[in-house]
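Structural overview for review
In case you want the letters, here they are:
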Amino acid sequence: MTQPRSIEVLLFAGASEAAGGADRVIVQAHEDTTVSELMQQLAEQHCSLASLAMRSRLAVDQRYVSSDHVIPMNAEVALIPPVSGG
């Protein structure tokens, strides 16, 4: 069984707004958490981000990663909401 851990997720733009202006949230996860699992935990633990999280991308150490990517310990994790230009 894997150990529990806290993952700090940086928030930008609409994600920050949805979280009441917070620039980061903490998600409780397990040691070998994948991006897909983290997004699910994020939605469950921070309800205000639930709908946005499912439409967003996750960057780990400043690179977009696939849903099966395992998030390493001490990685920088950022939720990148959808953007539109004009």
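Look up: the structure comes first, before these words.
By convention here, each chain's residues receive numbers from 1 onward along its written sequence. pLDDT decides what is reported in this predicted model: residues at 70 or higher carry local features, side-chain atom pairs at 80 or more are listed and counted, and totals for whole chains, interfaces and linings draw on all residues regardless. Here the side-chain values reflect all heavy atoms present in the structure, with hydrogen atoms and water set aside.

A separate point is the pattern of salt bridges. Opposite charge on two side chains permits pairing when their charged atoms draw close. Whenever a carboxyl oxygen of Asp or Glu lies within 4 Å of a side-chain nitrogen of Lys or Arg, that contact is scored as a salt bridge. This model, assessed by the stated rule, comprises two salt bridges. Note that R24 and E8 form a salt bridge whose closest N and O atoms lie 3.2 Å from each other. Residue R24 is found in strand β2 (residues 24–30), and its partner E8 is found in strand β1 (residues 4–11); the two are separated by 16 residues along the sequence. The classification of residues rests on relative accessible area computed with a 1.4 Å probe and restricted to protein chains. Under 20% of the type maximum is buried, over 50% is exposed, and intermediate values are partly exposed. According to the relative accessible area criterion, R24 is partly exposed, its value standing at 38%. You can call E8 partly exposed: its relative accessible area is 37%. Here the residues in one salt-bridge network are E8, D23 and R24, joined through shared partners. Numbering of helices and strands starts at the N terminus; helices are DSSP runs of H or I of at least 4 residues and strands are runs of E of at least 2.

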